[in-house]
Amino acid sequence: MGIDTERDIEANLQIGPTDQGMVRLFIDAGSIEIPMDFEPDEALEIAEEIKAAADAARKTGARKGKRR
């Protein structure tokens, strides 16, 4: 299974600072809870990767729209 494989799983994502100066990504998928803490610089790198992926997805979607 890869990143492009669709799954029928619902999850909630919460993002916020901790009282220890970390950035927490908290994933809640029913019976599973995954807290992931990152240093602020790591969180900024992740944010840049998310933005780059969103930009790439937007371009891919635009190309698909032009084929119609």
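These numbers come from a predicted model, not from an experiment.

**Q** Is there a simple way to explain the overall build of the protein in this structure?
**A** Looking only at helices and strands, the protein features 1 helix and 3 strands. The N-to-C order of helical and strand elements in the protein reads β-β-β-α. Over its C-alpha trace the protein gives a radius of gyration of 16 Å, far above what one expects of a compact globule, namely 11 Å for 68 residues. For the protein, the spread of C-alpha atoms along the principal axes amounts to about 50 × 30 × 20 Å. In the protein, buried positions account for 7% of the 68 residues. Within the protein, contacts between residues at least 6 apart in sequence are counted, and of these 0% link residues at least 24 apart. Only carbon and sulfur atoms are counted for the fraction: they give 52% of the accessible area of the protein, which is about 6,300 Å². Both charge centroids of the protein, one from 10 positive and one from 15 negative side chains, sit 17 Å from each other.

**Q** Where do I start with the pairing of strand S3 (residues 32-38) in this structure?
**A** Along a regular strand, successive side chains alternate from one face of the sheet to the other. Bridge analysis of strand S2 (residues 23-29) against S3 gives 7 bridges, and the strand direction is antiparallel. Bridged to Val23 within S3 is Phe38. Hairpin connection, S2 to S3: the antiparallel pair is bridged by 2 residues, and Gly30 has positive phi, about 75°.

**Q** Help me understand the pattern of salt bridges, please; the structure alone is not making it clear to me.
**A** For side chains of opposite charge, pairing can occur when their charged atoms come near one another. Evaluated as defined, the whole model comprises 3 salt bridges. Arg24 serves as the salt-bridge partner of Asp37, at 2.5 Å between the closest nitrogen and oxygen. Note that Asp37 is positioned in strand S3 and Arg24 in strand S2, a separation of 13 residues in sequence. The class of Asp37 is partly exposed, set by a relative accessible area of 35%.

**Q** Honestly, the sheet that holds strand S1 (residues 12-17) in this entry has me stumped. Any pointers?
**A** Working definition: the strands of a sheet are paired by backbone hydrogen bonds and lie parallel or antiparallel to each other. In space, the 3 strands of this open sheet follow the order S1-S2-S3, with antiparallel pairing throughout. Lying at the two open borders of the sheet, with one neighbouring strand each, are S1 and S3. Averaged over all adjacent pairs, the angle separating strand axes in this sheet is 15°, with direction ignored. With 6 bridges joining them, S1 and S2 adopt antiparallel strand pairing.

**Q** Is there a simple way to think about a negative patch on the surface in this case?
**A** Negative charge collects at one region of the surface, where Glu39, Asp41, Glu42, Glu45, Glu48 and Glu49 lie side by side. Note on placement: Glu39 falls in the loop between S3 and helix H1 (40-67).

Definitions and cut-offs
- Residues numbered from 1 in each chain as written.
- Predicted model: local features only at pLDDT ≥ 70, side-chain atom pairs only at ≥ 80, totals over all residues.
- Heavy atoms only, no water.
- Helix = DSSP H or I, 4+ residues; strand = E, 2+ residues; numbered from the N terminus.
- Rg over C-alpha atoms; globule rule 2.2 N^0.38 Å.
- Buried < 20%, exposed > 50% of the residue type's maximum accessible area, 1.4 Å probe, protein only.
- Contact = heavy atoms within 4.5 Å.
- Areas by Shrake-Rupley, 256 points an atom, 1.4 Å probe, with all protein chains shown as cover.
- Lys, Arg positive; Asp, Glu negative; His and termini not counted.
- Charge placed at Lys NZ, Arg CZ, Asp CG, Glu CD.
- Pairing = 2+ DSSP bridges.
- Salt bridge = Lys/Arg side-chain N within 4 Å of Asp/Glu carboxyl O.
- Axes fitted to C-alpha atoms, helices over the stretch in contact; angles between N-to-C directions.
- Patch = residues over 30% accessible without salt bridge, like charges linked within 9 Å, V, L, I, M, F, W, Y side chains within 5 Å.

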